[in-house]
Amino acid sequence: MTQMQDRSRTFSWSDPMAGAAHVGQRSGLDLLRAMIAGELAAPPIMHLIDMARMEADEGRVTVELMPQEFHYNPLGTVHGGIISTLLDTAAGCAVHSTLPAGVGYTSLDLNVRFLRPVTVESGRLCCEGTVLQRGRRTALAEARLTDTKDRLIAHATSSCLLLPLNAPA
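Throughout this description, residue numbers start from 1 for each chain and increase along the sequence as written. Local features are withheld for residues below a pLDDT of 70 in this predicted model, meaning they are given only at 70 or higher, and side-chain atom pairs are given and counted only at 80 or more; totals for whole chains, interfaces and linings count all residues. In computing side-chain properties, one takes all heavy atoms of the structure into account and sets aside hydrogens as well as water.

**Examining the packing of aromatic side chains**
Put simply, two rings from Phe, Tyr or Trp (the six-membered ring, in Trp's case) pair if the centres are within 6.5 Å, and we call them stacked under 30 degrees between planes, edge-to-face over 60, tilted for the rest. This model, assessed by the stated rule, comprises 1 aromatic pair. Judged by centre distance (5.5 Å) and plane angle (40 degrees), the rings of F11 and W13 are tilted. In this structure W13 comes out as exposed when scored by relative accessible area, which is 51%. Lying over the aromatic face of F70, R9 brings its terminal NZ or CZ to 3.8 Å of the ring centre. Burial classes follow relative accessibility: with a 1.4 Å probe on protein chains only, a residue under 20% of its type's maximum area counts as buried, one over 50% as exposed, and anything between as partly exposed. Ring-over charges, as used throughout, are those where CZ of Arg or NZ of Lys falls within 6 Å of the ring centre and within 35 degrees of the ring normal.

In C-alpha coordinates form, the structure reads like this:
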(Lines give C-alpha, C1' and ligand atoms only; values in the text may rest on other atoms or scores of the structure.)
Protein backbone atom coordinates (compact mmCIF):
# COMPACT_ATOMS: atom_id res chain seq x y z
CA MET A 1 0.00 0.00 0.00
CA THR A 2 1.23 3.47 -0.87
CA GLN A 3 1.64 5.84 2.03
CA MET A 4 0.73 9.45 1.36
CA GLN A 5 2.93 12.19 2.77
CA ASP A 6 1.09 15.49 3.01
CA ARG A 7 2.86 18.70 2.28
CA SER A 8 1.55 22.17 2.94
CA ARG A 9 2.12 25.71 1.82
CA THR A 10 1.00 29.05 3.22
CA PHE A 11 1.20 32.43 1.54
CA SER A 12 -0.14 35.90 2.05
CA TRP A 13 -0.78 38.93 -0.12
CA SER A 14 -1.72 42.59 0.13
CA ASP A 15 -5.00 44.16 -0.89
CA PRO A 16 -4.89 44.06 -4.71
CA MET A 17 -7.10 47.13 -5.03
CA ALA A 18 -4.47 49.31 -3.33
CA GLY A 19 -2.11 48.72 -6.26
CA ALA A 20 -4.90 48.80 -8.83
CA ALA A 21 -5.75 52.33 -7.70
CA HIS A 22 -2.44 53.47 -9.26
CA VAL A 23 -3.27 52.04 -12.70
CA GLY A 24 -3.92 54.92 -15.04
CA GLN A 25 -2.31 57.42 -12.66
CA ARG A 26 1.25 56.49 -13.65
CA SER A 27 2.86 55.16 -16.78
CA GLY A 28 3.01 51.39 -17.07
CA LEU A 29 6.77 51.36 -16.66
CA ASP A 30 6.59 53.55 -13.53
CA LEU A 31 3.96 51.25 -12.05
CA LEU A 32 5.99 48.10 -12.75
CA ARG A 33 9.15 49.65 -11.34
CA ALA A 34 7.27 50.72 -8.19
CA MET A 35 6.19 47.09 -7.70
CA ILE A 36 9.74 45.85 -8.27
CA ALA A 37 11.07 48.37 -5.72
CA GLY A 38 8.45 47.32 -3.18
CA GLU A 39 6.74 50.73 -3.18
CA LEU A 40 3.56 49.04 -4.40
CA ALA A 41 2.48 45.51 -3.53
CA ALA A 42 2.86 42.84 -6.17
CA PRO A 43 -0.41 41.38 -7.46
CA PRO A 44 -1.65 38.28 -5.59
CA ILE A 45 -0.96 35.98 -8.57
CA MET A 46 2.76 36.49 -8.05
CA HIS A 47 2.47 35.17 -4.50
CA LEU A 48 0.05 32.40 -5.48
CA ILE A 49 2.47 30.75 -7.90
CA ASP A 50 5.62 32.05 -6.15
CA MET A 51 6.99 34.14 -9.00
CA ALA A 52 10.38 35.53 -8.12
CA ARG A 53 12.40 38.43 -9.43
CA MET A 54 11.03 40.81 -12.03
CA GLU A 55 12.87 43.32 -14.23
CA ALA A 56 11.25 45.94 -16.44
CA ASP A 57 12.47 48.25 -19.16
CA GLU A 58 10.38 49.89 -21.84
CA GLY A 59 9.05 47.13 -24.08
CA ARG A 60 10.74 44.31 -22.12
CA VAL A 61 9.88 42.49 -18.90
CA THR A 62 11.53 39.46 -17.32
CA VAL A 63 10.04 37.30 -14.55
CA GLU A 64 11.52 34.24 -12.87
CA LEU A 65 10.12 31.18 -11.16
CA MET A 66 11.72 28.29 -9.35
CA PRO A 67 9.62 25.20 -10.17
CA GLN A 68 8.16 23.56 -7.06
CA GLU A 69 6.14 20.40 -6.43
CA PHE A 70 3.01 22.48 -5.83
CA HIS A 71 3.20 23.50 -9.51
CA TYR A 72 2.90 19.87 -10.65
CA ASN A 73 0.12 18.29 -12.66
CA PRO A 74 -0.85 14.59 -12.28
CA LEU A 75 1.98 13.61 -14.68
CA GLY A 76 4.68 14.90 -12.31
CA THR A 77 5.64 17.96 -14.36
CA VAL A 78 4.84 21.66 -14.00
CA HIS A 79 1.27 22.31 -15.08
CA GLY A 80 0.83 24.08 -18.42
CA GLY A 81 -1.32 26.69 -16.70
CA ILE A 82 1.65 27.78 -14.58
CA ILE A 83 3.83 28.02 -17.69
CA SER A 84 1.08 29.93 -19.52
CA THR A 85 0.73 32.31 -16.57
CA LEU A 86 4.44 33.13 -16.73
CA LEU A 87 4.25 33.72 -20.49
CA ASP A 88 1.09 35.83 -20.17
CA THR A 89 2.64 37.89 -17.36
CA ALA A 90 5.85 38.62 -19.26
CA ALA A 91 4.10 39.45 -22.54
CA GLY A 92 1.33 41.54 -20.96
CA CYS A 93 3.68 43.44 -18.66
CA ALA A 94 5.99 44.14 -21.61
CA VAL A 95 3.05 45.84 -23.32
CA HIS A 96 2.14 47.61 -20.08
CA SER A 97 5.69 48.96 -19.84
CA THR A 98 5.13 50.98 -23.04
CA LEU A 99 1.87 52.64 -22.00
CA PRO A 100 1.55 56.22 -20.80
CA ALA A 101 -0.58 57.18 -17.79
CA GLY A 102 -4.27 56.94 -18.62
CA VAL A 103 -3.93 54.00 -21.01
CA GLY A 104 -4.58 50.39 -20.02
CA TYR A 105 -4.69 47.08 -21.82
CA THR A 106 -6.39 43.73 -21.83
CA SER A 107 -5.24 40.51 -23.46
CA LEU A 108 -7.09 39.51 -26.60
CA ASP A 109 -5.35 36.17 -26.97
CA LEU A 110 -2.42 34.07 -25.84
CA ASN A 111 -0.97 31.45 -28.18
CA VAL A 112 1.39 29.06 -26.41
CA ARG A 113 3.77 26.40 -27.67
CA PHE A 114 5.06 23.98 -25.01
CA LEU A 115 8.43 22.60 -26.12
CA ARG A 116 9.88 20.77 -23.07
CA PRO A 117 8.53 19.41 -19.80
CA VAL A 118 9.49 21.26 -16.62
CA THR A 119 10.26 19.70 -13.24
CA VAL A 120 12.02 20.90 -10.09
CA GLU A 121 15.23 19.60 -11.70
CA SER A 122 14.83 22.20 -14.48
CA GLY A 123 16.08 24.86 -12.08
CA ARG A 124 15.14 28.52 -12.18
CA LEU A 125 12.99 29.47 -15.15
CA CYS A 126 13.42 32.84 -16.84
CA CYS A 127 10.59 34.29 -18.90
CA GLU A 128 11.28 37.34 -21.05
CA GLY A 129 8.49 39.25 -22.74
CA THR A 130 9.09 41.78 -25.49
CA VAL A 131 6.82 44.02 -27.50
CA LEU A 132 6.99 43.24 -31.20
CA GLN A 133 4.63 46.00 -32.38
CA ARG A 134 2.47 48.62 -30.71
CA GLY A 135 -0.11 50.74 -32.42
CA ARG A 136 -2.81 53.08 -31.15
CA ARG A 137 -5.37 50.31 -30.42
CA THR A 138 -3.46 47.03 -30.27
CA ALA A 139 -0.06 45.63 -29.38
CA LEU A 140 1.66 42.35 -30.19
CA ALA A 141 4.15 40.82 -27.77
CA GLU A 142 6.03 37.57 -27.43
CA ALA A 143 7.42 35.73 -24.43
CA ARG A 144 10.17 33.12 -24.25
CA LEU A 145 10.58 30.78 -21.29
CA THR A 146 14.03 29.24 -20.77
CA ASP A 147 15.59 26.98 -18.14
CA THR A 148 18.96 27.29 -16.38
CA LYS A 149 20.69 25.69 -19.39
CA ASP A 150 19.16 28.41 -21.60
CA ARG A 151 16.99 25.83 -23.39
CA LEU A 152 13.71 27.12 -24.78
CA ILE A 153 10.90 25.57 -22.72
CA ALA A 154 7.88 27.41 -24.16
CA HIS A 155 7.07 30.33 -26.42
CA ALA A 156 3.97 32.52 -26.66
CA THR A 157 2.56 35.42 -28.60
CA SER A 158 -0.10 37.71 -27.20
CA SER A 159 -2.29 40.39 -28.73
CA CYS A 160 -3.47 43.14 -26.42
CA LEU A 161 -6.20 45.73 -26.82
CA LEU A 162 -5.12 49.18 -25.66
CA LEU A 163 -7.83 51.30 -24.08
CA PRO A 164 -8.25 54.62 -22.33
CA LEU A 165 -8.81 54.34 -18.60
CA ASN A 166 -11.52 56.34 -16.89
CA ALA A 167 -10.25 59.27 -14.90
CA PRO A 168 -10.83 58.89 -11.15
CA ALA A 169 -14.07 60.40 -9.86
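**Section: the layout of surface pockets**
Estimated volume of the largest pocket: approximately 490 Å³. Around the largest pocket, the lining is made up of 25 residues, and of these M35, P43, C93, H96 and Y105 lie nearest the centre. The secondary structure listing takes helices from DSSP runs of H or I that are at least 4 residues long and strands from runs of E that are at least 2 residues long, numbered from the N terminus. Going through the elements one at a time, α1 (16–20), α2 (28–36), α3 (44–48), α4 (80–96) and β3 (103–114) are the ones with two or more residues in the lining of the largest pocket. At 6 residues, the largest contribution of residues to the lining of the largest pocket is made by α4. The pocket and cavity definitions rest on a 1 Å grid over protein atoms only: a 1.4 Å probe that fits but cannot leave marks a cavity, an open set with protein on both sides within 12 Å along at least five of seven lines marks a pocket, and residues lining either have an atom within 4 Å of a point. Grid points are joined across faces, edges and corners, and a volume is the space filled by probe spheres set on the points.

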